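The chain contents come next:
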Amino acid sequence: MSANLAGDVTMRYVDLHPQAPGDGVPVLLLHGFGTDFGMNWRAAGWAQALETAGRRVIGPDLRGHGTSDKPTDSALYLPEHFVADLLAMLDESGVDKVDVVGYSMGSRLAWELASTAPERVRRVVLGGFGTKNAFAGTDLSDPGSGDTPFDTVYRTVAALPGNDAAALAACARGQAARPFEAEPPLTGIPLMVVSGARDALAEGAAELAERCGGTHVEIPGRDHANAVSSRAFRQAVLDFLAG
Amino acid sequence: MAQENFTFTLPDLGEGLVEATVLEWQVAVGDVVERNAPLVEVETTKSAVVIPSPKAGRIAELHAEEEQVVPVGEPLVTFEVEAADEPQAGIVGRVPAEEARPARRVRLRPPSD
């Protein structure tokens, strides 16, 4: 399935229905920079865990990623473009409201979605994310050339088969053009922030949760790359979304 | 019911990866697991993944400690599974061990021009 969107960029997504439906509110999973639904969520055990819990899963490959179109113009990667993609997809799917779970860049976009269209979001989980500017110190005219945490992430994902390094660089520049602001805080929607204890890109996760009146869950021993597959993370989210 | 052991080796995780690090076992020795249930969480240089169980059975042995690096093709876990050639309870008569294969229509000679 796919949604055709502004600027002729097509975003593709999966819509997975459980065999025995439980909660009627689908879970929208937003992957991180340079990955896609399959790698970030499905391979990490999330599709199966949510299906077992009776939850419908909507999993887009965000623009510039996976099976979706990959423009190389950074002006097409502003947060509002991603939000427009997601709202068009929900409209097309006839979904009024979702629980949204993001990881890394996907968390930033989950925040933007919940801020822009709070009536479409029941609960929000921000994984691998905090108040720190993810691009701090990175030369975005040549991402991957330095030794910041983001340079390291960029080098890893730019080399993955199927990824377009130019599109990813454009995506990073588009995201950085609208630096994340934790003000005003996201209130009125139950919020949980989850981060690995060794995640250098999620500094300020606890503070972000506190500002929004939410909860923070720390995954011991995990970093930005391996917190997402941890059983403790999945279980915390399942409990939060069911509560 | 007859039991047999089945040892599952670390599968090829793609992209030329030759090894993975065991992060966390999702099962313990003695557990009875379903096919496709989460088995073990591993990390490669590219990503972290949860490998689903390829079999239903009882966990007999885990071949790697957490944080241990396992090469592709090396033993990961041994299951005790029900032997495949035993008749299943509740079925009267013989169950063919192998389903009759559907006839395939294959053109053996290239069409002449």
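Residues numbered from 1 in each chain as written. Chains lettered and ligands numbered in written order. Predicted model: local features only at pLDDT ≥ 70, side-chain atom pairs only at ≥ 80, totals over all residues.

**Observations concerning the overall build of chain A**
Okay, step 1: Each helix and strand counted, chain A has 8 helices and 8 strands in total.
Okay, step 2: A principal-axis box enclosing the C-alpha atoms of chain A has dimensions of 45 × 40 × 35 Å.
Okay, step 3: Put simply, of all contacts in chain A between residues at least 6 apart along the chain, 69% involve residues at least 24 apart. (Helix = DSSP H or I, 4+ residues; strand = E, 2+ residues; numbered from the N terminus. Contact = placed C-beta atoms within 7 Å.)

**Side note on the overall build of chain B**
Okay, step 1: Counting its secondary structure elements, chain B contains 0 helices and 8 strands.
Okay, step 2: When the helices and strands of chain B are listed from N to C terminus, the series reads β-β-β-β-β-β-β-β.
Okay, step 3: Counting the 113 residues in chain B, one finds 20% classified as buried.
Okay, step 4: Contacts in chain B between residues at least 24 apart in sequence constitute 56% of all its contacts with a sequence separation of at least 6. (Buried ≥ 20, exposed ≤ 12 C-beta atoms within 10 Å, placed from the backbone.)

**A look at the interface of chain B and chain A**
When the parts come together, some accessible area is lost, and that loss is often what is quoted as the size of the interface.
Okay, step 1: Contacts between the two partners involve 13 residues from chain B and, on the opposite side, 14 residues from chain A.
Okay, step 2: In terms of residues, the side of chain B that touches chain A owes the most to one element, strand β5 (residues 48–52) of chain B, which gives 4 residues.
Okay, step 3: Residue classes in the side of chain B that touches chain A are distributed as 6 nonpolar, 2 polar and 5 charged. (Nonpolar A, V, L, I, M, F, W, Y, C, P; charged D, E, K, R; others polar.)

**Comments concerning the environment of A:W46**
Residues and elements named next belong to chain A.
Okay, step 1: Relative to the helices and strands, W46 resides in helix α2 (residues 46–52).
Okay, step 2: Exposure remark for W46: the 25 C-beta atoms within 10 Å place this residue in the buried category.
Okay, step 3: Between the C-alpha atom of W46 and that of V57, which follows or precedes it by 11 residues, the distance is 9.3 Å.
Okay, step 4: When neighbours within four sequence positions are excluded, W46 is seen to be in contact with L29, W41 and R234.

**Some thoughts on the UniProt feature "domain: Lipoyl-binding" (unreviewed entry) in chain B**
Okay, step 1: Mapped onto the present numbering, the UniProt feature "domain: Lipoyl-binding" (unreviewed entry) falls at residues 5–80 of chain B.
Okay, step 2: Secondary structure over residues 5–80 of chain B splits into 0% helix and 53% strand, and the C-alpha atoms at its two ends are 5 Å apart. (UniProt positions renumbered as here; feature names shortened; annotations may be inferred.)

**Quick notes on the sheet that holds strand β7 (residues 69–71) of chain B**
All names here are of chain B.
Okay, step 1: Taken together, 4 strands build an open sheet; the order of strands is β5-β4-β2-β7 and the sheet is antiparallel. Of all the strands in the sheet, the pair left with one neighbour each is β5 and β7. Each strand of the sheet is rotated relative to its neighbour by a mean of 40°, with strand direction disregarded.
Okay, step 2: As paired elements, strand β2 (residues 19–25) and strand β4 (residues 38–43) share 4 bridges and run antiparallel to each other. Opposite E24, over in β4, you have E41 as the bridge partner. (Pairing = 2+ DSSP bridges. Axes fitted to C-alpha atoms, helices over the stretch in contact; angles between N-to-C directions.)

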